[in-house]
Amino acid sequence: MITDLCATSRDRLESCPGAAGPVAVLDRVGVRDGQPFILGGDRSYDLQLNRFLRELPSWGVRAENSVLGYARDVMLLVRFLETSRYGKPIWACDGDDLRAYKRVRLWCGGTGAVSVGTWNRSMAALDKWVAWSLDAGLLQRAPFRYVDKTVMTPAGPRRVHVNAEMGQYDGVADLLWDDVRCFFDPDLMGLLPDVSVPDASRNNWQEVLDLVVEKGWKCQYSEGERVLPLPRAEAALSRPADTECPSLRVWLRADVLAIFRFYSDEEIDFDVDLRELQGQERLELFCGFFREIGRRLGKPVLMHPEGAHGHPVLGFDVEADRVVLLSEPLVK
């Protein structure tokens, strides 16, 4: 047997006998139904590693899909260490192990190969485990190498500490301004084109809110004229029918704004002002925003002309892991 990812199930546990059965124990310690946990190949239960998974919501990973994704990423590294690194426990892994794992997952091809975007999502999960373990005193130092890198933030360029094994995109832009400028012409597209993530859920909405917080994007949540603290997605989507639709303003940078509107559980909607998205630099900022949302949700992010929902002209393609054209360029 090999390391596997499991989840608690009340339906199965309620049939267990005894006054202090498993369900009562889970209730006492506050473990939710469907909580993922990792079992080793010998069916052992790593108490601290699974405590990390339970505490992810207090570390900014609140959506159930995000918790499940982080758990799967950690489990896959544990499985790799077990099967390909002589059974080394995750608590003893180092940069050499991570580089070996990267060669297998990112470069070797085959059915287990992943895209750069998927690899970088797994790095985010492992970095979260490192930060949690250092805070808990379970690691004395970071097992992986980190480097300083300049990245664009809403406040401009900033030096950040990133995992040295993050995948690189070779600096190739998703789209070139000269090829797509017609799709950013307000006269052709309308001033406020519609952007959507179809086939969404409340959990996906929560993942977007988590992403906004994690990325440190400046934001403002409001219901009508009232500016309020950012709630959980379930609360924003459960408004009474006679109240105004809540909105969330997210600044990609000081002069580039996206406005999310909580119309429906089943589709994530936001709009942008094309006057704020002129030129290659702002196009790349816009594409980066699409990539962040699409990768987090594992879903396409589509831009439609204003008033022509259902006819996307460009969007994030999950398989290609980048923003692509979905329509032939227009002629003004």
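Higher on the page you've got the structure.
Residues numbered from 1 in each chain as written. Predicted model: local features only at pLDDT ≥ 70, side-chain atom pairs only at ≥ 80, totals over all residues. Heavy atoms only, no water.

Draft legend 1. A look at the overall build of the protein chain. From N to C terminus, the protein chain includes 11 helices and 13 strands. For 332 residues, the compact-globule formula gives about 20 Å, and the C-alpha radius of gyration of the protein chain, at 22 Å, lands near that figure. Across its three principal directions, the C-alpha atoms of the protein chain cover 70 × 50 × 35 Å. Going through the 332 residues of the protein chain one by one, you find that 43% of them count as buried. Look at the contacts in the protein chain between residues 6 or more apart in sequence, and 63% of them connect residues 24 or more apart. Here the protein chain displays about 17,100 Å² of accessible surface, and carbon together with sulfur accounts for 51% of that area. (Helix = DSSP H or I, 4+ residues; strand = E, 2+ residues; numbered from the N terminus. Rg over C-alpha atoms; globule rule 2.2 N^0.38 Å. Buried < 20%, exposed > 50% of the residue type's maximum accessible area, 1.4 Å probe, protein only. Contact = heavy atoms within 4.5 Å. Areas by Shrake-Rupley, 256 points an atom, 1.4 Å probe, with all protein chains shown as cover.)

Draft legend 2. Spatial organisation of the sheet that holds strand 12 (residues 314-317). Pairing is antiparallel in the open sheet, where nine strands are placed in the order 7-6-8-9-10-5-11-12-13. Each edge of the sheet is formed by a strand with only one pairing partner; in this case those strands are strand 7 (226-228) and strand 13 (322-325). Across the sheet, the mean angle separating the axes of adjacent strands is 25° when strand polarity is ignored. Bridge count between strand 12 and strand 13: four bridges; the pairing is antiparallel. (Pairing = 2+ DSSP bridges. Axes fitted to C-alpha atoms, helices over the stretch in contact; angles between N-to-C directions.)

Draft legend 3. The pairing of strand 5 (residues 194-197), seen in detail. As defined by bridge partners, strand 5 adjoins strand 10 (residues 268-272) across four bridges and the pair is classed as antiparallel. When the bridges of strand 10 are listed, Ser-196 appears paired with Asp-269.

Draft legend 4. Up close: the nonpolar core. Within the largest apolar cluster, 45 residues are counted, with the highest numbers of intra-cluster contacts made by Phe-184, Phe-260, Phe-270, Phe-290, Ile-293, Met-303 and Leu-314. Ranked by residue count, the leading element in this core is helix 11 (residues 280-297), at seven residues. Filtering out sequence-adjacent residues up to four positions away, Phe-270 remains in contact with Pro-193, Asp-194, Val-195, Ala-258, Ile-259, Phe-260, Phe-289, Phe-290, Ile-293 and Val-301. (Core = buried A, V, L, I, M, F, W, Y, C linked by side-chain atoms within 4.5 Å.)

Draft legend 5. Quick look at the packing of aromatic side chains. This model, assessed by the stated rule, comprises 17 aromatic pairs. Residues Phe-37 and Tyr-45 carry aromatic rings whose centres are separated by 6.1 Å and whose planes lie at 50° to one another, so their mutual orientation is tilted. Judged by relative accessible area, Phe-37 falls into the buried class, the value being 18%. Between Phe-260 and Phe-270 the ring centres are 4.5 Å apart and the planes differ by 35°, which places this aromatic pair in the tilted class. With a gap of 10 residues between them, Phe-260 in strand 9 (residues 256-261) and Phe-270 in strand 10 connect regions that are remote in the sequence. Accessibility assignment for this pair places Phe-260 and Phe-270 in one class, buried. Between the NZ or CZ atom of Lys-218 and the centre of the ring of Trp-251, over which it lies, the distance is 4.9 Å. (Phe/Tyr/Trp six-rings, centres within 6.5 Å; stacked < 30°, edge-to-face > 60°. Lys NZ or Arg CZ within 6 Å of the ring centre and 35° of its normal.)

Draft legend 6. Quick look at the pattern of salt bridges. A full pass over the atoms with the stated rule returns 19 salt bridges. Taking the shortest distance from any N to any O, the salt bridge between Arg-99 and Glu-165 comes out at 3.7 Å. Of the two residues, Arg-99 is situated in helix 5 (residues 95-107) and Glu-165 in the loop between strand 4 (156-163) and helix 7 (177-180); the sequence distance between them amounts to 66 residues. We note a salt bridge from Arg-296 to Glu-214, for which the minimum N-O separation is 2.7 Å. Taken together, the residues Arg-296 in helix 11 and Glu-214 in helix 9 (residues 202-215) connect sequence positions 82 residues apart. Given a relative accessible area of 18%, Arg-296 falls into the buried group. Its relative accessible area of 32% is what places Glu-214 among the partly exposed residues. Taken together, the shared-partner salt bridges connect Asp-96, Arg-99, Lys-102 and Glu-165 into one network. (Salt bridge = Lys/Arg side-chain N within 4 Å of Asp/Glu carboxyl O.)

Draft legend 7. The arrangement of the environment of Cys-182 in detail. Examined against the element boundaries, Cys-182 turns out to sit in the loop between helix 7 and helix 8 (186-189). Considering only alpha carbons, one finds Cys-182 and Pro-329, 147 residues apart in sequence, at a separation of 6.5 Å.

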